[in-house]
Amino acid sequence: MTITHHPSDATLAAFAAGQLDEGSGVVVASHLTACSSCRRWLRKLEDVGGALLADLPPTPMAPGALARTMERLSGPLEQDKPLPAARPAEHLPWLPEPLRRYELGPWRWIGPGVYQRKVSVPTKGDARVFLLKAAPGTKLPEHTHTGIERTQVLAGAFIHDGGRFGAGDFDDAEGEVEHRPTVDMGEECICLVAMTGGIKMTGPIGRLIQPFVRL
Amino acid sequence: MQLVMPVEMKPDRPKLDAASLIVAVAEHKDHEAFKVLFEHFAPRVKTFMVRSGATTSQAEELAQETLLMVWRKAGLFNAARAGATAWIFTIARNLRIDGLRRVGRETSAIFNMDEPAEDVEQPDQAYISVERDERVRSAIAMLSEEQRRVVQLSFVEDKAHPEIARELNIPLGTVKSRIRLAIKRMRDVLDGQP
């Protein structure tokens, strides 16, 4: 897998700082499981966090804090909540590990050759996370989005003004972006998408189907 | 005639070898080592939490919790993979996400990824963490005052980009470009290094 498109520096720094919401976070984490160079850079960014933490002025702890903590060292692990069990890969070998903790909805038809599947990530506001699957050669309607759209390609490839995005690639789109992605020939394309804000179909076909598409 | 002053006139702050202390905790359940770690890091983690918007009592609890996790997870610390302060930062950051944000159940679980062996077991990457800390410090020192401020607001004060824009009274685009430039500058120093 040759990865040519990565999360922006600002996105990865926000991830390292713990600033991304869970929706964007899970898409970035899915990229990280595929990309060793981003994992390496993430560790450097965490080093920066460590250095900033180490340089903070100390705030005195409450009296007896050390003694109380020492008493808990050998105590039961009362705080350890078990993580939601990760589901096995089932028949979805392309499903990245960070996604396996979440419930997936059924595939839902949203347009010719295009299916969407909800990923139940707890999110705030209008943020949503979903999988998108499109048949080879599908031309998605021309559209504009207004918020943040972060996409990790899990299988297949699509092409738009920004280049060709194949498995492992990350499309970090923010603000007004107008484009018309086309799915590459050969194999169906599956993407993981975290999105905020609206999406507006701008081409003639798009305007026609706008009422039906609720991405 | 006066002798030329040696370059390093700054009083050398005592270097805390946090990595060795964590290893001592992992290998020998060393209470003395834990005490040193606690006394050094807990008050700083407390500041970190207060600046992130925690109340004093929340910050106290999260700081104790962070050090408790240091004790429990010490066996997972790998000096070849992470610097000691970076490792403690990630623990504090994750507790901050789950303790203060409370959107989902365990949001910080997105950081629990399997580390492929290829990432870790390269002996030439295992340079000592003190050296690593120095390099990171010098990268941060290269930033302009403005750049350092946005990086600090993001990493230490738990501020998302729009909040930083409000706090500094500058446009969101400026926040983003400032962060981008700051990160790029640090990347030039840090990347390519193991």
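The structure contained in this document is the topic of the report that follows. Computed from a predicted structure; not experimentally measured.

### Focus on helix α2 (residues 22-34) of chain A
All names here are of chain A.
- For α2, built from 13 residues, the straight-helix expectation of 18 Å at 1.5 Å per residue is met to within 8% by its first-to-last C-alpha distance of 18 Å.
- Counted residue by residue, α2 has 11 buried out of 13 residues, so it is predominantly covered.
- Buried residues of α2: E22, G23, S24, G25, V26, V27, V28, A29, S30, H31 and L32, and no others.
- The inward-facing, buried residues of α2 abut α1 (9-16), α3 (36-54), β3 (128-134), β5 (148-155), β8 (170-174) and β11 (189-195).

### As for the pairing of strand β7 (residues 163-166) of chain A
All names here are of chain A.
- The pairing of strand β6 (residues 157-160) with β7 spans four bridges and is antiparallel. Residue pairing in the sheet places F158 in a bridge with F165 of β7.
- Hairpin connection, β6 to β7: the antiparallel pair is bridged by two residues.

### Observations concerning the sheet that holds strand β1 (residues 108-111) of chain A
Residue and element names in this part refer to chain A.
- Read from one edge of the open sheet, six strands run β1-β2-β3-β11-β5-β8, paired in antiparallel fashion. Both outer strands of the open sheet, β1 and β8, are each paired with one neighbouring strand and no more. Here the strands of the sheet are splayed against their neighbours by 25° on average, with no regard to which way each runs.
- For β5 and β11, the ladder comprises six bridges, and the chain directions are antiparallel. Bridge pairing links A155 to I190 in β11.
- Across the sheet, α2 lies against β3, β5, β8 and β11, angled at about 35° from β5, the strand it touches most.

About the criteria used
Residues numbered from 1 in each chain as written. Chains lettered and ligands numbered in written order. Predicted model: local features only at pLDDT ≥ 70, side-chain atom pairs only at ≥ 80, totals over all residues. Helix = DSSP H or I, 4+ residues; strand = E, 2+ residues; numbered from the N terminus. Expected span 1.5 Å × (residues − 1). Buried ≥ 20, exposed ≤ 12 C-beta atoms within 10 Å, placed from the backbone. Contact = placed C-beta atoms within 7 Å. Pairing = 2+ DSSP bridges. Axes fitted to C-alpha atoms, helices over the stretch in contact; angles between N-to-C directions.

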